[in-house]
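Here is how the chains run, residue by residue.
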Amino acid sequence: MSDPGSVTPSANGGLPAPRRDQSRRWWALAFVAFFLVIYAWSMAAPYDGTPDEREHIVRAAGVASGEVAPPPGDAKKGTGAFQTVPGGLVRDQCWQFKEEVSAACAQPPGSDSTPTRTGTGAGRYFPAYYALVGAPLVFWPGWSGVLLARMISALCCAALLAGAFVVIRNRSRSGLMMGALLVATTPMAVHMASAVNPNGLEIAAGIAFFSAVIPLMIGPPGPRRGLILLVGISGLLLAVLRQTGPLWLATAFVAFAFPLRHSNLVSLLRERAARLWAAGIVLATLGTVAWGIHQQTSDLGNYSADRLTIGQAALREADRWQGYLDQIIGVTSWLDTRMPAPPYVIWQVVAGALLLIGIVWGRTLDRWRLLVLLGGGVVVPSAMQVAMANESGFITQGRYMLPMLVGVLLYAAWVAERRGFETGKARSFNRLAVLALLPIQLFCLAFTMVRWQNGLPANRGPSSLNPLAGDWHPVVGSVLPLLSATLGLLLFAWLVWTTRPAGTEVPAPAAATDAPIRADRPAAEDGELFQAAGARLPSAGASSAPRSA
């Protein structure tokens with residue numbers, strides 16, 4: 001998924017063939033890196049090893065079998081529906097929420113294809129994701145089908161993240177957005193991307209969407225076919241994957257489309273491709289809303305234990321935010337596996353530093369946009385949780401907000417770049433993030449494997465944290481997932497470490513009147529330097545189209 005805005009365009013507005021091929025190579029390398037890390041988790045996990053995976057597997061097998069819109073029923077806590085699926089997929093839980101118990105007590109998925117009617121809490125959800133991953137579960141209902149379904153989801157997530165990587169590499173002026181990509185791709189994001197669960201693909205789509213929509217909506221003018229394509233694909237996915245998608249899309253539109261004189265909305269509406277993708281996203285969103293009304297997807301079940309006033313519910317929700325922040329980073333398995341405290345503190349410090357950089361370097365409009373994004377990702381979900389506390393209980397999890405909060409980090413980095421954050425400082429931040437965060441990715445996988453394979457004893461020590469030991473092992477063995485993750489993380493580390501920011505590349509030969517532009521020079525407004533000097537930097541692209549007023 002190459003980005004045509006990365007270099008000086010040819011006469012027809014496209015990329016010269018050599019640079020297009022180069023972008024494809026970078027995409028392929030990033031795709032391999034992300035897939036190796038994501039699928040390592042897929043291979044390491046037991047059946048139903050991530051939150052609600054069995055529920056989503058049953059829904060996917062039901063959709064693939066033709067039960068696309070089953071009648072709503074009391075399948076789980078007063079919600080969900082019943083589906084007919086191969087009997088080999090119907091398994092009871094025995095170790096979930098019991099961190100000292102390994103997965104050895106569980107019956108693995110089997111090849112029994114006997115039609116079995118069973119309930120699932122995901123039975124009312126929009127069928128798009130489940131149609132994508134469901135076929136292997138019907139044809140090969142044992143481990144083969146489960147791993148293939150996980151692979152399909154992992155491939156889609158890796159493709160989206162690789163698209164985000166290429167856009168950032170081609171558009172980032174100082175390279176700080178690459179650090180934001182690294183911070184946004186948390187262990188929890190990878191963990192969910194490895195499972196049969198639409199939330200993982202939603203998180204990857206959120207990262208891809210914000211990586212492309214920011215330069216598309218408020219970036220300097222230039223070729224933007226690749227940006228429109230990535231925004232279109234990821235926007236469609238956000239619209240149909242989960243019922244929070246319309247909120248994320250609406251928040252992004254408000255944040256980046258207004259005020260009109262500081263956005264590219266008017267000029268984008270003149271482009272046929274942009275109009276078609278926008279129409280598709282709007283129709284998909286309307287279809288999702290209509291489906292939700294018909295299937296009663298807003299009925300989330302009743303997990304409420306107390307009757308609370310609004311004030312009591314608000315205080316309890318505020319108190320839960322420390323847990324949400326840890327979950328965003330990585331409270332894995334069935335939310336029953338917490339790493340030691342230092343990894344959370346380190347990740348939160350790096351993410352907080354990135355947000356602070358954006359606030360300090362930003363201007364008033366930048367801060368208002370950050371406030372809008374935070375409102376959509378924090379205030380609105382929390383307010384909805386408080387309002388529904390007595391109906392459904394406190395069911396919100398940190399990972400639910402992650403598709404929106406990644407946009408906060410990516411935009412903070414974009415703001416700092418556009419307001420003069422130097423390339424050298426960005427490179428130092430990125431390399432520090434590589435050294436601090438990528439080892440946490442591997443540690444989180446190994447720690448979770450210990451939990452699955454051996455359980456986590458109350459009194460833990462080095463001897464009890466061996467990811468190669470235990471009374472349960474992945475069907476592919478314990479070595480292969482660790483090897484796959486190590487290779488993927490090393491490749492990703494190399495990609496980030498050696499990335500040359502677009503703003504530091506040597507511009508194509510220009511007319512004699514073109515003035516040199518320093519990548520670390522602050523810009524008063526997006527694209528002002530490019531318009532003033534007439535230069536065409538790879539970080540901004542170029543186009544003959546006039547900029548919107």
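For the structure itself, look to the data block above.
Attention in this report is confined to the structure presented alongside it. Sequence order as written defines residue numbering, which begins from 1 separately in each chain. It should be noted that, the model being predicted, local features are given only for residues of pLDDT at least 70 and side-chain atom pairs only at 80 or more, the latter also being counted only at that level, while totals for whole chains, interfaces and linings use all residues. Note that the side-chain values use all heavy atoms of the structure and ignore hydrogens as well as water.

1. Overview of the overall build of the chain
Alright, step 1. Only runs of H or I of at least four residues qualify as helices and only runs of E of at least two qualify as strands under DSSP, and these elements are numbered from the N terminus. Secondary structure summary: the chain contains 21 helices and 5 strands in total.
Alright, step 2. Contacts in the chain between residues at least 24 apart in sequence constitute 81% of all its contacts with a sequence separation of at least 6.
Alright, step 3. Surface exposure here means Shrake-Rupley accessible area, sampled with a 1.4 Å probe, where a residue is shielded only by the protein chains that are shown. Summing over all exposed atoms, the chain offers an accessible surface of approximately 21100 Å²; the carbon and sulfur share of this is 65%. Between two residues, a contact is recorded if the distance between any of their heavy atoms is within 4.5 Å.

2. Let's talk about the packing of aromatic side chains
Alright, step 1. Only centres within 6.5 Å qualify two rings of Phe, Tyr or Trp (six-membered ring in Trp) as a pair; their planes then separate them into stacked at under 30 degrees, edge-to-face at over 60, and tilted for everything else. Overall, the coordinates contain 16 aromatic pairs when judged by the stated rule.
Alright, step 2. Ring centres of tyrosine 129 and tyrosine 130 lie 5.5 Å apart, and the angle between their planes is 85°; on these two criteria the pair is classed as edge-to-face.
Alright, step 3. Among the residues examined, tyrosine 129 registers a relative accessible area of 2% and is labelled buried.
Alright, step 4. Judged by its relative accessible area of 0%, tyrosine 130 is buried.
Alright, step 5. Residues phenylalanine 209 and phenylalanine 210 carry aromatic rings whose centres are separated by 5.3 Å and whose planes lie at 85° to one another, so their mutual orientation is edge-to-face.
Alright, step 6. Each residue is placed in one exposure class: buried if its accessible area under a 1.4 Å probe, protein chains only, is under 20% of its type's maximum, exposed if it is over 50%, and partly exposed if it falls in between. What makes phenylalanine 209 buried here is its relative accessible area of 5%.
Alright, step 7. Among the aromatic residues, those joined into a cluster by ring pairs are Trp27, Phe31, Phe35 and Tyr39.
Alright, step 8. Throughout this description, the term charge over a ring refers to an Arg CZ or Lys NZ atom that lies within 6 Å of the ring centre and within 35 degrees of the ring normal. Arginine 242 extends its terminal NZ or CZ atom over the ring of tyrosine 400, reaching a point 4.5 Å from the ring centre.
Alright, step 9. Against the face of tryptophan 414 rests arginine 418, its NZ or CZ located 4.2 Å from the ring centre.

3. Quick look at the side chain of threonine 297
Alright, step 1. Here threonine 297 lies in the loop between α12 (272–295) and α13 (310–319).
Alright, step 2. With sequence-adjacent residues up to four places away left out, threonine 297 is seen in contact with Arg124, Tyr125, Gln243, Trp291 and Gly292.

4. Points about the nonpolar core
Alright, step 1. Side-chain atoms within 4.5 Å link the members of a nonpolar core, which is a set of buried Ala, Val, Leu, Ile, Met, Phe, Trp, Tyr and Cys residues. Phe165, Leu176, Phe210, Phe256 and Tyr411 are the most contacted members of the largest nonpolar core, which totals 146 residues.
Alright, step 2. Looking at which element gives the most residues to this core, the answer is helix α5 (residues 143–171), with 16 residues.
Alright, step 3. By size, the runner-up hydrophobic cluster in this structure holds 5 residues, among which are Ala313, Val386, Ala389 and Phe394.

5. Let's talk about the packing of helix α9 (residues 225–241) against helix α10 (residues 245–257)
Alright, step 1. For helices, the fitted line uses only the C-alpha atoms of the stretch in contact; every axis is such a line through C-alpha atoms, and the angle between N-to-C directions lies from 0 to 180 degrees. The interhelical angle for the contact between α9 and α10, taken along N-to-C directions, is 135°, at an axis separation of 6 Å. In terms of orientation, α9 and α10 fall into the oblique class. Residues Gly235, Leu238 and Ala239 of α9 lie in contact with α10, whose contacting residues are Gly245, Pro246, Trp248 and Leu249.
Alright, step 2. Lys, Arg, Asp and Glu make up the charged group, whereas Ala, Val, Leu, Ile, Met, Phe, Trp, Tyr, Cys and Pro make up the nonpolar group; the residues left over, Gly among them, are polar. For the contact of α9 with α10, the per-class residue count stands at 5 nonpolar, 2 polar and no charged. For classification purposes, an angle smaller than 35 degrees is called roughly parallel, one larger than 145 roughly antiparallel, one from 65 to 115 roughly perpendicular, and anything else oblique.

6. Observations regarding a nonpolar patch on the surface
Alright, step 1. Residues enter patches when they are more than 30% accessible in relative terms and free of salt bridges; like-charged ones are connected within 9 Å and nonpolar ones (Val, Leu, Ile, Met, Phe, Trp, Tyr) within 5 Å. Within this document, salt bridges are pairs made up of a side-chain nitrogen of Lys or Arg and a carboxyl oxygen of Asp or Glu, the two lying within 4 Å of each other. On the surface, Leu468, Val475, Val476, Val479, Leu480, Leu483 and Leu487 cluster together into a nonpolar patch covering about 580 Å² of accessible area.
Alright, step 2. Checked against the element boundaries, leucine 468 lands in the loop between α19 (423–454) and α20 (479–498).

7. Brief notes about the state of the cysteines
Alright, step 1. Count a disulfide wherever a pair of cysteine sulfur atoms falls within 2.5 Å. On inspection of all chains with the given rule, the structure shows 1 disulfide.
Alright, step 2. Here cysteine 94 pairs with cysteine 105 through a disulfide, and the sulfurs are 2.0 Å apart. With the S-S dihedral at roughly 95°, the linkage between cysteine 94 and cysteine 105 falls on the right-handed side. Here the residue cysteine 94 occupies a position in the loop between β2 (79–86) and β3 (115–120), and cysteine 105 occupies one in the loop between β2 and β3, the gap between them amounting to 11 residues.
Alright, step 3. Taking the relative accessible area as the measure of exposure, cysteine 94 reaches 22% and is therefore partly exposed.
Alright, step 4. A relative accessible area of 44% means that cysteine 105 is categorised as partly exposed.

8. Observations regarding the pairing of strand β1 (residues 72–76)
Alright, step 1. Only strands that DSSP links by at least two bridges are regarded as paired with each other. The pairing of β1 with β2 spans 2 bridges and is antiparallel. Looking at the pairing, proline 72 lines up with alanine 81 of β2.
Alright, step 2. Counted along the chain from β1 to the antiparallel partner β2, the turn is 2 residues long, and its residue lysine 77 has a positive phi close to 55°.

9. Describing α12
Alright, step 1. Compared with the 34 Å implied by 1.5 Å per residue over 24 residues, the 34 Å span of α12 between its first and last C-alpha is a close match.
Alright, step 2. Of all the residues in α12, the buried ones are Ala274, Ile281, Ala284, Thr285, Thr288, Trp291, Gly292 and Gln295.
Alright, step 3. Of the surrounding elements, those touching the buried residues of α12 are α2 (53–64), β1, α9, α10 and α11 (265–268).
Alright, step 4. In the stretch just after α12, glutamine 296 is the one whose phi turns positive, near 55°. Any helix carries an expected span of 1.5 Å times its number of residues minus one.

10. Side note on the pattern of salt bridges
Alright, step 1. Evaluated as defined, the whole model comprises 13 salt bridges.
Alright, step 2. The salt bridge involving arginine 224 is made with glutamate 271; its shortest N-O contact spans 2.6 Å. Of this pair, arginine 224 sits in the loop between α8 (198–218) and α9 while glutamate 271 sits in the loop between α11 and α12, placing them 47 residues apart in sequence.
Alright, step 3. A relative accessible area of 10% means that arginine 224 is categorised as buried.
Alright, step 4. A salt bridge links aspartate 336 to arginine 451, with the nearest nitrogen and oxygen atoms 3.1 Å apart. Remark: arginine 451 occurs in helix α19 and aspartate 336 occurs in the loop between β4 (331–332) and β5 (337–338); sequence separation between them is 115 residues. In this structure, aspartate 336 and arginine 451 share a single accessibility class: buried.

11. Observations concerning the packing of α8 against α10
Alright, step 1. Look at α8 against α10: their axes get within 11 Å of each other, and the N-to-C directions meet at 20°. Relative to α10, the element α8 lies roughly parallel. Considering how the two elements wind past one another, α8 and α10 form a crossing that is right-handed. Here Glu202, Phe209, Phe210, Val213, Ile214, Met217 and Ile218 of α8 lie close against α10, whose contacting residues are Gly245, Trp248, Leu249, Ala252, Phe256 and Ala257.
Alright, step 2. In the contact of α8 with α10, the residues fall into 11 nonpolar, 1 polar and 1 charged. Put simply, a crossing is left-handed when the front helix is turned counterclockwise from the back one by less than a right angle, and right-handed when it is turned clockwise.

12. Some thoughts on the sheet that holds β2
Alright, step 1. Strands sit in the order β1-β2-β3 across an open sheet of 3 strands; the sheet is antiparallel. A single partner strand is all that each edge strand has here, and the edge strands are β1 and β3. Averaged over all pairs of adjacent strands, the angle between their axes in this sheet comes to 50°, without regard to strand direction.
Alright, step 2. Pairing of β2 with β3, which is carried by 6 bridges, proceeds in the antiparallel orientation.

13. As for the environment of tyrosine 130
Alright, step 1. For tyrosine 130, the position within the fold is in helix α3 (residues 128–133).
Alright, step 2. The spatial distance from the C-alpha of tyrosine 130 to the C-alpha of alanine 149 is 9.6 Å, given a sequence separation of 19 residues.
Alright, step 3. Discounting residues that sit within four places of it in the chain, tyrosine 130 has contacts with His56, Arg59, Ala60, Val63, Ala122, Tyr125 and Pro198.
Alright, step 4. Within the structure, the side chain of tyrosine 130 is placed 2.8 Å from the side chain of histidine 56, a separation counted as a polar contact. Distance and chemistry together define a polar contact, namely a pair of N or O atoms within 3.5 Å, with one atom able to donate a hydrogen and the other to accept it when in protein, and with adjacent residues in sequence counting only for side-chain atoms on both sides.

These figures capture arrangement, not role.
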